[in-house]
Amino acid sequence: MNPRRSLDDLNRRVSAARADVESRGETFYPGASRVHLAAFPPKERWSDWVELDSKAWPERVERRYMLVPTTCFNCESACGLLAYVDRDTLEVRKFEGNPEHPGSRGRNCAKGPATVTQLTDPDRILTPLKRAGGRGEGKWEPVGWDEALDDIAGRIRAAIDEDRHREIMYHVGRPGEDGFTERTLAAWGVDGHNSHTNICSSGARAGYHLWMGMDRPSPDHENADVILLVSSHLEAGHYFNPHAQRVMEGKARGAKLIVFDTRLSNTATHADHWLSTYPGSEAAVLLAIANHLIRTGCYNAGFVERWWNWGDYMAENHPGKPATFEAFQRVLHDLYEGYTFEFAGAESGVPAETIEAAAEIVAGAGTRLSTHNWRSAAAGNLGGWQVARTLFLLNALLGAVAVPGGTYPNAWNKFVPRPIRMPPRHPESWNELTWPADYPLSLMEMSFLLPHLTAERDGRLDVYFTRVYNPVWTNPDGFSWLEMLTDPERIGLHVALTPTWNETAFFADYVLPMGHSSERHDLTSYEQYDGLWIGFRQPVLRAARERLGEKVSSTRDVTPGEVWEENEFWIELTWRIDPDGSRGIRRFFESRERPGEKMTVDEYYGWIFENSVPGLPERAAREGLSPLEYMRRYGAFEVGTAVGPVYEQRVPEAELEDVQVDAAGRAYTRAAPPPSPNVVPIPPLDGDGEGRRHVGVAVNGEVRRGFPTPSGRLEFWSRTLAEWGWPEMAVPGYVRSHVHRDTLEPGQMCLISTFRLPVQIHTRSANAKWLNEIAHTNPLWLNPGDAARIGVGTGDLVRVETQIGHFVVKAWVTEGIHPGVVACSHHMGRWKTGDGPRQTMATVSLDREGTDWGISRKNGTGPFRSDDPDTARIWWTDVGVHQNMTFPVQPDPISGAHCWHQAVRVTKAGPGDRYGDISVDTARSREAFRQWLKLTRHAARHSPDGTRRPWWLLRPVRPVRDAYRLPWNSSEPSAP
Amino acid sequence: MELFRALGSLIEVPAPEHRRIAEALGLPSVPDPSVHGAVVASQRYPYASVYLGAEGMMGGEARDRIAGFRRALGIGDGQAGGGPGDAAVTGDDPGPGRSAGVAESDHLAALLALLCALDRWQRDESDPARAALMAEARVTLVWEHIVSWTGPYLASFERCGSPFHEAWAALLSEALARLEAETPFPDYLPAAFRTAPALADPRDEGGAAFLATLLAPVRSGVILLRDDLVRLGEEAGLACRAGERRYVLGSFLAQDPGAALQWLAGHAREWSGRMVGRGPAPVARWWADRAAESAVLLSRLADGAGTVVSAVSVP
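The structure presented is a predicted model; accordingly, all values stated were derived computationally and were not measured.

A.B. asks: Explain the overall build of chain A to me, please; I cannot follow it from the model alone.
C.D. replies: Scanning chain A from terminus to terminus reveals 28 helices and 34 strands. For chain A, the C-alpha radius of gyration of 28 Å lies close to 30 Å, the compact-globule estimate for 976 residues. Along the longest, intermediate and shortest principal axes, the C-alpha atoms of chain A span 85 × 80 × 65 Å. Put simply, chain A shows about 32800 Å² of open surface, and 49% of that area lies on carbon and sulfur atoms. Charged side chains of chain A number 110 positive and 126 negative; the gap between the two group centres comes to 2 Å.

The following block contains the structure:
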């Protein structure tokens, strides 16, 4: 045989075999990363996968699994998981990564696989419970779902019928499905959405929103040449797993990593340049870098001229100067020339030459600069929103916006499929408890002020849902929350929807058990690279049973005990609020297929996947599956990649009808917007007043999409800020933080509390034994110099005094913290007064005398007997210290975000101090609330148009436009 | 080129998918994973760095060279860990300039998959200059990182006792020979050869260095499998102690240095002879010469065995 011919034949045979196998949607070559330890079972064998049982070792016992995808619920990253469902017992044995998930790509952090410990937690809530004694007494009795639903629905119905819509509130911690509960509330006509965001990301998001109309960054780390993080993003930041893996891939390609972090975090250790900035000085350093780019001409003038709203800025702020780009460039130069490396060095404590070196690297990035700030400095400081604004200034200067290696706006990298029914309703009333006119520009609800607003403004909630949220423990000023929750005049009925016991649920009237990530439906999509994907969270046992041919009509039938999923819960509750449909509410959850009957989740998702996800029906058909079957099988779908710079897209002719372009270049059209399957929130922009809608901006004679901002461009100068009372803040600038060195009193230090250990999950770590074993304490980071001054060493007790009280914690002396700054991780210090989770909650005595509150620890955790033998092996006793209760509310007057950093005094603990002691005077809390309230500029005095809030700013559950009108006339003496 | 990717995948841990790949290639039945463990995982490590690195271990400068090569192509260097983005392994390579990290870039499967990918990129490239760069990169990959070590590596599968692996090695050798014939190689030796010193003389560098370099193919010119050491024990009448190869070798030298060194010298001579015709002529000649040099040193050491044993750190 001719050897050449033979090899050619083999080549053809193997190519044909591969094509044949892959045409069936199967895997020809073994799993994706077989070369090393990781190995993903080929997807065609997910229905019957055989592994040896590790617990049976050394016996070789084979176990057969169904691998069912779902989405992690233990942070907002929404990484893909594969549940290993034992085919014999139909139990979930473990979770691993889902290689089909475009965001996480099969990789997970510790929190994903730990989901299995949440499912099997012996202290899990398995039955709906109703309070039997007084609130917080710890007495409960089981209650049926029907009774609970009828009671809650009855109260909501009465509130709606009696026009008390404001008394219904839903307060969310970990978000589930994009828009699901917002639509539910819209269907009810209730402006009752309340999120946790103002204690989380809203500071940074306000900064991004003001720049580009979209409020989240989507950095393309993978393709960047320079990555600049104002965060500890490689270990614990938002979307950290999907982003961290791409940061490392960027680094592997040769990208330089610059990290701003006061602490020597794990992220800082991976940096090429670590800048240990003094808390609150970040914007000064970023402006020094910006000044360097401007001064040396290393910025992308073409991009700036084309896409910044410099024309508006010049017209409004420098009317005497020529309205030319050259004149603007001179103004820009002068505006930032004071931000020298020396100035930034003095503010930050970072040597000027180090800042200069970082600036040089940024200057060399071209358009491949990816940047990210989520919480971190933006969540810690007064004016924190300017950190994101000054960070994005660097992208805007370089033109590193929505191009490969740059930073994209989230809405262009996010796909929210249009649901089967989209309530066109908007609440007719405005909820002043969540959107007070003192904070007209707050990005999100002023959630953490609720105890003070209900107390000082005669606020009452008749039905208050806390949903996978624990404000008593997570929010600042937790004792004020306890005062509110135990006051029946302020809270009529408190319903805690939670999978896990928590400090807030202890004070509820109903505790309704909700499912973990593998026990609920949600549809998710997040901006994690330049692409669009959807992830499907599903009850895996439901999907498994259906694969076996069973028909499952309710997720409750497959969850442990009487645990339920939320979507079915909300549908059922809505149906009971409007039992006969006369209120026009239940129609939004009525079946299309079976008019007059409730919609099922199968119909709901089946319709979405069939009609609202481009490409999915075709992809599914290639495998002989329906779109719903495809999603139940693979758990994720990538709708598209390489979205690119949407702002540069030409608006198609079909959308251009009777176009008018105003003096600022904004283009308006009479053509209706084309229908889009993607309903990702985008700011509504006003039309031209003559019936035309905003469609884009005219650039060199062509109408381009531009940005969803009032100017249609990147808003270097924010007319919104200027017109709503903050003209001095209208361009990216530096706000001296409330913990600036000059502000601190003698003996005070700055406490950083905005970081966490990457294995903690806010409230729900409480029943994840693996995670608890890894991390269960939060000592106070203390620089050796400060430790020597205070006279303590590692392990010694210290008392940390805040404005409203103090806590007692152990010291950890380390060079890894900036001198003059202390740091204490949140997500720690769980407590209970009686029965409750035993793995991670200390048992405490909760004492009150008037406004003086105290917590003292009776005992920590320890081993106990349960069905899970591991609980007898608990070797740790420490659970950390709950510091947040001692923090006053500190709302930023513009973004509304809580400014977490604290001015504290740290002293060696006294003889009476014991580990875990917490003491607070809530009268001082109220004083702090009033003190920060004085910083605000009330809409009644500063609104330019008589409304409460700029119409274009994003807002969940947007009320009707009339509700935006202020109830006060600013000229009236009674106006606030 | 798909043939190379297919052959590369077959040196990974056996999975059910391998059955149809082997069938397409006309190879014997894919063996049980335990056979793979005995033949490949614990003896014939499919990593270039083991054969081209001066330490004879996975990683180090030899793997860094490949990682740097990948970086220069604008693809992942393999240091960030594996995953579904492991395009060079899956065949779903996104193209140059896009990251595609592979868990261990010097694994034979990854190298052969990259070869396949480079071939496709070159064919798909519309810019003639970039296509020429791709062609150049392909030559470099084959010369520096594949045929520089596959000669001795594939030779080690002869008479390994697994029909599948013997046939696989023979087929890959044949395919590589065809590739070599079609590839215009440079007139200089691969970098690994140019920088690797010869086998350490224990009289000068001590016993530890001697044992370490004896187990580093690029230093000794020889591959010493665990099976070879068992044979050494049987043929030289020495007790083969259980442990890592360095420990076993040290034990042999402690028991009877003369006999052990004589056997090793013979093994090196035999190995030198086996290298003839294995790969491109300059490469085959280099391996044969390196093994022959080692044989000479080992023979000399056997003659003066007393001085050697004192130099070797006896476990």
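Picking up after the structure, the text goes on.
A.B. asks: Mind showing me how you'd approach the packing of aromatic side chains here?
C.D. replies: What describes a pair of aromatic rings is the distance from one ring centre to the other and the angle between the planes of the rings. Residue and element names in this part refer to chain A. Taken as a whole and assessed by the stated rule, the structure comprises 58 aromatic pairs over all chains. An angle of 75 degrees between the planes, with centres 5.1 Å apart, marks the rings of Trp-307 and Tyr-647 as edge-to-face. In this pair, Trp-307 is assigned in helix H9 (residues 301-307) and Tyr-647 in the loop between strand E20 (636-641) and strand E21 (660-661), connecting sequence segments 340 residues apart. With a relative accessible area of 2%, Tyr-647 lands in the buried category. Ring centres of Trp-308 and Phe-328 lie 6.1 Å apart, and the angle between their planes is 70 degrees; this geometry places the pair in the edge-to-face category. Of this pair, Trp-308 sits in the loop between H9 and helix H10 (310-317) while Phe-328 sits in helix H11 (residues 325-336); the two residues are 20 residues apart in sequence, bridging distant segments of the chain. Relative accessible area serves as the criterion here: at 1%, Trp-308 is assigned to the buried category.

A.B. asks: Got a minute to help me understand the domain arrangement of chain B in this structure?
C.D. replies: Size of an interface: often given as the accessible area lost when the parts come together. Residues and elements named next belong to chain B. Partitioning chain B into domains gives domain 1 (2-192) and domain 2 (197-311). With 28 residues of domain 1 at the interface, the matching set in domain 2 holds 21 residues. Contact between domain 1 and domain 2 buries roughly 2000 Å² in total, counting both sides, with carbon and sulfur atoms accounting for 60%. Its largest share of buried area at the contact with domain 2, domain 1 owes to Gln-43, Tyr-51 and Pro-152, together 27% of the area lost on that side.

A.B. asks: Explain the sheet that holds strand E5 (residues 129-131) of chain A here, please?
C.D. replies: Strand pairs in the sheet, formed through backbone hydrogen bonds, run parallel or antiparallel to each other. All names here are of chain A. Taken in spatial order, the 7 strands make up an open sheet running E6-E5-E17-E16-E15-E7-E8, and their pairing is mixed. Either end of the sheet is taken by a strand with one partner, and the two such strands are strand E6 (140-142) and strand E8 (193-195). Sheet twist, expressed as the average angle between the axes of neighbouring strands with direction ignored, equals 20 degrees. With 5 bridges joining them, strand E7 (residues 168-172) and strand E15 (residues 461-467) adopt parallel strand pairing. Across the sheet, the residue bridging to Tyr-170 is Phe-465, located in E15. In the packing of helix H3 (residues 145-161) onto the sheet, contacts are made with E5, E7, E15, strand E16 (491-498) and strand E17 (510-513), and the angle to E17 comes to roughly 120 degrees. Each of E7, E15 and E16 is contacted by helix H18 (residues 478-485), which is oriented at about 120 degrees to E16, the strand it contacts most.

A.B. asks: So what exactly am I meant to see when it comes to the side chain of A:Arg537 here?
C.D. replies: Residues and elements named next belong to chain A. On the secondary structure map, Arg-537 appears in strand E19 (residues 531-537). Arg-537 sits in the buried class, given a relative accessible area of 2%. For Arg-537, the contacting residues outside a window of four places in its chain are Thr-70, Thr-71, Cys-72, Phe-73, Ala-78, Gly-176, Ser-517, Arg-520, His-521, Asp-522 and Thr-524.

A.B. asks: Honestly, the domain arrangement of chain A in this entry has me stumped. Any pointers?
C.D. replies: Residues and elements named next belong to chain A. Looking at the assigned domains, one finds that chain A contains domain 1 (46-115 + 519-641), domain 2 (129-200 + 416-422 + 430-517), domain 3 (202-407) and domain 4 (749-933). Counting residues at the interface gives 15 residues for domain 1 and 14 residues for domain 3. Buried area between domain 1 and domain 3, summed over both chains or domains, comes out near 1300 Å², and the portion from carbon and sulfur atoms is 43%. Considering only the side of domain 1, the residues that lose the most area to domain 3 are Arg-105, Glu-527 and Gln-528, jointly responsible for 42% of the buried surface there. Applying the counting criterion to the domain 1 and domain 3 interface returns 4 salt bridges.

A.B. asks: I keep staring at the environment of A:Asp580 and nothing clicks. Help me out?
C.D. replies: Mapped onto the elements of the fold, A:Asp580 is located in the loop between helix H20 (566-577) and helix H21 (601-611). Each C-alpha atom, one on A:Asp580 and one on A:Leu335, is 63 Å from the other, the two residues being 245 residues apart in sequence.

A.B. asks: Just to check I follow, could you spell out the confidence of the model for chain A for this structure?
C.D. replies: Low-pLDDT stretches of the model should not have their predicted coordinates read in fine detail. Mean pLDDT over chain A works out to 94, with 98% of the residues at or above the 70 mark. Below pLDDT 50 for its whole length, residues 32-38 of chain A participates in 24 contacts with residues either more than four positions away or in separate chains.

A.B. asks: Which parts of the structure should I look at to understand the packing of helix H8 (residues 282-295) of chain A against helix H15 (residues 385-398) of chain A?
C.D. replies: Two measures define how a pair of helices packs: the angle their axes make with one another and the distance between the axes. All names here are of chain A. In the contact formed by H8 and H15, the axes pass within 8 Å of each other and the chain directions differ by 20 degrees. Taken together, the axes of H8 and H15 lie roughly parallel to each other. Crossing handedness for the pair H8 and H15: left-handed. In contact with Glu-282, Ala-283, Leu-286, Leu-287, Ile-289, Ala-290, Leu-293 and Ile-294 of H8, H15 contributes Gln-386, Val-387, Thr-390, Leu-391, Leu-393, Leu-394, Leu-397 and Leu-398. Across the contact of H8 with H15, the residue classes tally to 13 nonpolar, 2 polar and 1 charged.

A.B. asks: Any chance you could explain the side chain of A:Gln386 here in plain terms?
C.D. replies: All names here are of chain A. Structurally, the position occupied by Gln-386 is in helix H15. A polar contact is formed between the side chain of Gln-386 and the backbone nitrogen of Gly-733, at a distance of 3.1 Å. Among residues more than four places away in sequence, those in contact with Gln-386 are Ala-283, Met-729, Val-731, Pro-732, Gly-733 and Val-735.

A.B. asks: What exactly am I supposed to notice about a negative patch on the surface here?
C.D. replies: All names here are of chain A. Taken together, the side chains of Glu-342, Glu-353, Glu-356 and Glu-360 present a region of like negative charge at the surface. The element contributing the most residues to the negative patch is helix H13 (residues 352-363), with 3 residues. For Glu-353, the position within the fold is in helix H13. For Glu-353, a relative accessible area of 57% puts it in the exposed group.

A.B. asks: Could you clarify how one ought to interpret the packing of helix H1 (residues 2-9) of chain B against helix H9 (residues 163-182) of chain B in this entry?
C.D. replies: Residues and elements named next belong to chain B. Across the interface, H1 lies against H9 with an axial gap of 11 Å and an inter-helix angle of 150 degrees. Between H1 and H9, the interaxial angle falls into the category roughly antiparallel. Along this stretch, H1 crosses H9, giving a crossing that reads as left-handed. Only Trp-168, Leu-171, Leu-172, Ala-175, Leu-176 and Leu-179 of H9 make contact with H1, whose side of the interface consists of Leu-3, Phe-4 and Leu-7.

A.B. asks: Which parts of the structure should I look at to understand H8(A)?
C.D. replies: Every α-helical turn comprises 3.6 residues, leaving residues that sit three or four positions apart pointing alike. Residue and element names in this part refer to chain A. In this model H8 runs 20 Å from its N-terminal to its C-terminal C-alpha over 14 residues, within 8% of the 20 Å that 1.5 Å per residue would give. Here H8 lies mainly inside the structure; 13 of its 14 residues are buried. Note on H8: the residue one or two positions beyond its end, Gly-297, has a positive phi of about 70 degrees.

A.B. asks: Even after reading the chapter, I still don't get the environment of A:Thr814, so can you show me in this structure?
C.D. replies: Residue and element names in this part refer to chain A. Within the secondary structure, Thr-814 sits in the loop between strand E28 (805-813) and strand E29 (821-823). Along the sequence, Thr-814 and Val-659 sit 155 residues apart, while their C-alpha atoms lie 63 Å from each other. For Thr-814, the contacting residues outside a window of four places in its chain are Trp-781, Leu-782, Asn-783 and Pro-784. Separated by 2.8 Å, the side chain of Thr-814 and the backbone nitrogen of Gly-816 make a polar contact.

A.B. asks: Whenever I open this one, the pattern of salt bridges confuses me. Can you help?
C.D. replies: Here the idea is simple: oppositely charged side chains can pair when their charged atoms come close. Residues and elements named next belong to chain A. Enumeration according to the criterion identifies 101 salt bridges over all chains in this entry. One salt bridge in this structure joins Arg-205 and Asp-215, with 2.9 Å as the shortest N-O distance. Of this pair, Arg-205 sits in helix H5 (residues 202-212) while Asp-215 sits in the loop between H5 and strand E9 (217-219), and the two are 10 residues apart along the sequence. Across the pair Arg-253 and Asp-225 runs a salt bridge, and its minimum N-O distance is 4.0 Å. On the criterion of sequence distance, the pair formed by Arg-253 in the loop between helix H6 (240-252) and strand E11 (256-260) and Asp-225 in the loop between E9 and strand E10 (226-229) is long-range, its members being 28 residues apart. A relative accessible area of 34% means that Asp-225 is categorised as partly exposed.

A.B. asks: Please clarify how unusual backbone geometry should be interpreted in this entry.
C.D. replies: Phi is mostly negative for residues that are not glycine, and the peptide bonds are mostly trans. All names here are of chain A. Cis geometry is adopted by the peptide bond preceding Pro-58, which originates at Trp-57 and carries an omega value of 10 degrees. Take Pro-58: it is sitting in the loop between strand E1 (49-52) and strand E2 (62-71). The phi dihedral of Leu-90 is positive, around 55 degrees, even though this residue is not glycine. Here Leu-90 is to be found in the loop between strand E3 (80-86) and strand E4 (92-97). The phi dihedral of Ala-642 is positive, around 50 degrees, even though this residue is not glycine.

About the cut-offs
- Residue indices follow the written sequence of each chain, beginning from 1 at its first position.
- Note on labels: chains are lettered from A, ligands numbered from 1, in written order.
- Under the rules for a predicted model, residues below a pLDDT of 70 receive no local features and side-chain atom pairs below 80 are neither given nor counted, while totals for whole chains, interfaces and linings still include all residues.
- Where side-chain values are given, they derive from all heavy atoms of the structure, hydrogens and water being excluded.
- For the purposes of this entry, the term helix denotes a DSSP run of H or I that reaches at least four residues, the term strand denotes a run of E that reaches at least two, and both are numbered from the N terminus.
- Radius of gyration here is computed from C-alpha atoms only, and the compact-globule reference equals 2.2 Å multiplied by the residue count raised to the power 0.38.
- Using the Shrake-Rupley algorithm and a 1.4 Å probe, accessible areas are obtained, with residue cover drawn only from the displayed protein chains.
- His residues and chain termini do not enter the charge count, which takes Lys and Arg as positive and Asp and Glu as negative.
- Taken as the charge location is NZ of Lys, CZ of Arg, CG of Asp or CD of Glu.
- Only centres within 6.5 Å qualify two rings of Phe, Tyr or Trp (six-membered ring in Trp) as a pair; their planes then separate them into stacked at under 30 degrees, edge-to-face at over 60, and tilted for everything else.
- Each residue is placed in one exposure class: buried if its accessible area under a 1.4 Å probe, protein chains only, is under 20% of its type's maximum, exposed if it is over 50%, and partly exposed if it falls in between.
- Residue ranges assigned to each domain were obtained from an automatic or database domain assignment.
- We call two residues in contact when some of their heavy atoms are within 4.5 Å.
- In short, buried area is how much 1.4 Å probe accessible area vanishes from two parts on joining, totalled over both.
- At least two bridges found by DSSP between two strands is the condition for calling them paired.
- Only the stretch in contact is used when a helix axis is fitted, and all axes are lines through C-alpha atoms; the angle between N-to-C directions ranges over 0 to 180 degrees.
- In the sections that follow, a salt bridge refers to a side-chain nitrogen of Lys or Arg positioned within 4 Å of a carboxyl oxygen of Asp or Glu.
- pLDDT measures the predictor's confidence residue by residue and takes values from 0 up to 100.
- Angle categories: roughly parallel below 35 degrees, roughly antiparallel above 145, roughly perpendicular from 65 to 115, and oblique for all the rest.
- By definition, any crossing whose near helix is turned counterclockwise from its far helix by less than a right angle is left-handed, and any crossing with a clockwise turn is right-handed.
- For this classification, the nonpolar set comprises Ala, Val, Leu, Ile, Met, Phe, Trp, Tyr, Cys and Pro, the charged set comprises Asp, Glu, Lys and Arg, and every other residue, Gly included, is treated as polar.
- N or O atoms within 3.5 Å of each other form a polar contact, as long as, within protein, one can give a hydrogen and the other can take it, and as long as residues adjacent in sequence are counted only when both atoms are side-chain atoms.
- What goes into a patch is any residue over 30% in relative accessible area without a salt bridge, connected to like charges within 9 Å or, for nonpolar side chains (Val, Leu, Ile, Met, Phe, Trp, Tyr), within 5 Å.
- Residue count minus one, scaled by 1.5 Å, sets the expected span of a helix.

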